[in-house]
Amino acid sequence: MQYRVDGQRIIAFDDQEPLVGEISFPKVPDTNDHVVVEHVFVQPTYRGQGIAADLVRQFVDYATKEHYTVKLMCPYAVAQFKLHPEYQQLLPVADRFN
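What counts as what
Residues numbered from 1 in each chain as written. Predicted model: local features only at pLDDT ≥ 70, side-chain atom pairs only at ≥ 80, totals over all residues. Heavy atoms only, no water. Helix = DSSP H or I, 4+ residues; strand = E, 2+ residues; numbered from the N terminus. Rg over C-alpha atoms; globule rule 2.2 N^0.38 Å. Buried < 20%, exposed > 50% of the residue type's maximum accessible area, 1.4 Å probe, protein only. Contact = heavy atoms within 4.5 Å. Lys, Arg positive; Asp, Glu negative; His and termini not counted. Charge placed at Lys NZ, Arg CZ, Asp CG, Glu CD. UniProt positions renumbered as here; feature names shortened; annotations may be inferred. Polar contact = N/O pair within 3.5 Å; in protein donor to acceptor, adjacent residues only side chain to side chain. Salt bridge = Lys/Arg side-chain N within 4 Å of Asp/Glu carboxyl O.

1. Remarks on the overall build of the chain
Turning to step 1, where the next piece is worked out: A tally of regular secondary structure across the chain gives two helices and six strands.
Turning to step 2, where the next piece is worked out: Each helix and strand of the chain, placed in order from N terminus to C terminus, yields the pattern β-β-β-β-β-α-β-α.
Turning to step 3, where the next piece is worked out: For 98 residues, the compact-globule estimate of 2.2 N^0.38 gives 13 Å, and the C-alpha radius of gyration of the chain, at 13 Å, lies within 12% of that figure.
Turning to step 4, where the next piece is worked out: Put simply, the chain has 98 residues, and 37% of those count as buried.
Turning to step 5, where the next piece is worked out: Sequence-distant contacts, at least 24 apart, represent 38% of the contacts inside the chain between residues at least 6 apart.
Turning to step 6, where the next piece is worked out: Mean positive and mean negative side-chain charge positions of the chain (9 and 13 charges, respectively) differ by 4 Å.

Here it is in structure tokens:
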């Protein structure tokens, strides 16, 4: 599986499928460093292979590099951030999970 940043999303793709999955993170208006994770999606035929978790991990790496502050709307992303406390450094302090 390959991943690339495409605007305000990261897409997963392979040789057979140009869009296996994506995580979208539009910027909050009037900010340069705040984004909202809206959704994580993986094509049904590719589900169950860890691609969604990989997309979140790719996003965390990218957001860390870009110094983004992150808000979560996507339930899957919330679950991944709870499962991986190290991701929570990207969240505002008030949004971090205990």
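2. Quick notes on the UniProt feature "domain: N-acetyltransferase" (unreviewed entry) in the chain
Turning to step 1, where the next piece is worked out: Sites flagged by UniProt as "domain: N-acetyltransferase" (unreviewed entry) map to residues 1-98 and 2-92.
Turning to step 2, where the next piece is worked out: Regarding residues 1-98, the helix share stands at 26% and the strand share at 26%, and the terminal C-alpha atoms are separated by 33 Å.
Turning to step 3, where the next piece is worked out: Along residues 2-92 the backbone is 27% helical and 27% strand, and the end-to-end C-alpha distance reaches 30 Å.

3. Considering the side chain of D14
Turning to step 1, where the next piece is worked out: With respect to the helices and strands, D14 occurs in the loop between strand 2 (9-13) and strand 3 (21-24).
Turning to step 2, where the next piece is worked out: A polar atom in the side chain of D14 sits 2.9 Å from the backbone nitrogen of Q16.
Turning to step 3, where the next piece is worked out: A polar contact is formed between the side chain of D14 and the backbone nitrogen of E17, at a distance of 2.7 Å.

4. Notes on the pattern of salt bridges
Turning to step 1, where the next piece is worked out: Overall, the coordinates contain four salt bridges when judged by the stated rule.
Turning to step 2, where the next piece is worked out: The partner of D6 in a salt bridge is R9, and the shortest N-O contact between them spans 2.7 Å.
Turning to step 3, where the next piece is worked out: The class of D6 is partly exposed, set by a relative accessible area of 30%.
Turning to step 4, where the next piece is worked out: Residue R9 is classed as partly exposed on the basis of its relative accessible area, which comes to 26%.
Turning to step 5, where the next piece is worked out: Between K71 and D95 there is a salt bridge, with the nearest N and O atoms lying 2.7 Å from each other. Here K71, found in strand 6 (residues 69-72), pairs with D95, found in the segment after helix 2 (75-83); they are 24 residues apart in sequence, far enough to count as distant.
Turning to step 6, where the next piece is worked out: Residue K71 is classed as partly exposed on the basis of its relative accessible area of 38%.
Turning to step 7, where the next piece is worked out: Here the salt bridges share partners, and the residues they tie into one network are D6, R9 and E22.

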